[in-house]
Amino acid sequence: SPSDLACLTGGIDRPLAAGAVLPIEVSSAIPGSTGLDLELEAVDPSIVKVSGNELTAMAPGRSALLAVADDDLAVDLTHIWVMEPTRISIHRTDAAAGAIVTGPVELLVGDELNLDLVAYANGTRLTGRLAGQWSTSSDALSVLRDGSISSRRLVARTAGTSEVAVVWGQHHSSITVEVQP
């Protein structure tokens, strides 16, 4: 009915990568009221751990997440599925957001390119932020942290070619960047 409580969990739109962290947003809406203060609780913390406004994927599997009010009353639930990644890739997060970067990228000195590390389980894109280790093969580029553990901003410093690599666990992905004068 129009006066029913509605719980909204933002950011859970696909399976979560095992080992990843996912910031979440939980809110409630009751027409004509301010809503309830809610916290999420994982039914199986060996699959997913809740810490404040973040989920940490502990191991592959499924778990319910309960939206719990101050009086320990579960008012809603959602399910989360954690999958083990089978590969990682580098994605753009700028104007071409979401596009996988595959071939050589050309930049001019002073240009910037925003990238994100994304996990896949076979053909399924997973969600969550991964703390990969980023590196470059030359001083032509600087790799700067850009707001989250999985995002980086490349800054073209000098003319040259550089291999940008990211390693997460046993997975590796890289791209070639050519900086033009």
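One can find the structure itself at the top, above this paragraph.
The model shown is predicted, which means the values in this text are computed figures rather than measured ones.

What counts and how
Residues numbered from 1 in each chain as written. Predicted model: local features only at pLDDT ≥ 70, side-chain atom pairs only at ≥ 80, totals over all residues. Heavy atoms only, no water. Phe/Tyr/Trp six-rings, centres within 6.5 Å; stacked < 30°, edge-to-face > 60°. Lys NZ or Arg CZ within 6 Å of the ring centre and 35° of its normal. Helix = DSSP H or I, 4+ residues; strand = E, 2+ residues; numbered from the N terminus. Contact = heavy atoms within 4.5 Å. Patch = residues over 30% accessible without salt bridge, like charges linked within 9 Å, V, L, I, M, F, W, Y side chains within 5 Å. Areas by Shrake-Rupley, 256 points an atom, 1.4 Å probe, with all protein chains shown as cover. Salt bridge = Lys/Arg side-chain N within 4 Å of Asp/Glu carboxyl O. Lys, Arg positive; Asp, Glu negative; His and termini not counted. Charge placed at Lys NZ, Arg CZ, Asp CG, Glu CD. Buried < 20%, exposed > 50% of the residue type's maximum accessible area, 1.4 Å probe, protein only. Pairing = 2+ DSSP bridges. Axes fitted to C-alpha atoms, helices over the stretch in contact; angles between N-to-C directions.

Enquirer: Sorry if this is basic, but what is going on with the packing of aromatic side chains here?
Expert: Ring pairs (aromatic) are described by centroid distance and by the angle formed between their planes. Taken as a whole, this structure holds zero aromatic pairs when the rule is applied. It is Arg-87 that lies over the ring of Tyr-120; its NZ or CZ is 4.0 Å from the centre.

Enquirer: I would appreciate a short explanation of the environment of Leu-141 in the present structure.
Expert: With respect to the element layout, Leu-141 can be found in strand E15 (residues 141-145). For Leu-141 and Gly-160, which are 19 residues apart along the polypeptide, the C-alpha to C-alpha distance reads 8.7 Å. Other than its neighbours up to four places away in sequence, Leu-141 contacts Leu-107, Thr-136, Leu-154, Val-155, Ala-156, Arg-157, Ser-162, Val-164, Val-177 and Val-179.

Enquirer: Quick question: what am I supposed to make of a negative patch on the surface here?
Expert: A contiguous patch of negative charge on the surface is contributed by Asp-37, Glu-39, Glu-41, Asp-70, Asp-71 and Asp-72. With respect to the helices and strands, the residue Glu-39 is situated in strand E5 (residues 38-42). When its relative accessible area of 58% is taken as the criterion, Glu-39 is described as exposed.

Enquirer: How do you make sense of the sheet that holds strand E7 (residues 54-57) when you look at a structure like this?
Expert: Two orientations exist for strands paired in a sheet by backbone hydrogen bonds: parallel and antiparallel. If you trace the three strands from one edge of the open sheet to the other, you get E3-E7-E6, paired in antiparallel fashion. Two strands in the sheet have a free side with no partner beyond their single neighbour: strand E3 (21-23) and strand E6 (48-51). Pairs of neighbouring strands in the sheet enclose a mean axial angle of 20°, with direction left out of account. Relative to E7, E3 runs antiparallel, the two sharing three bridges. Residue pairing across strands places Val-21 opposite Thr-56, the latter belonging to E7.

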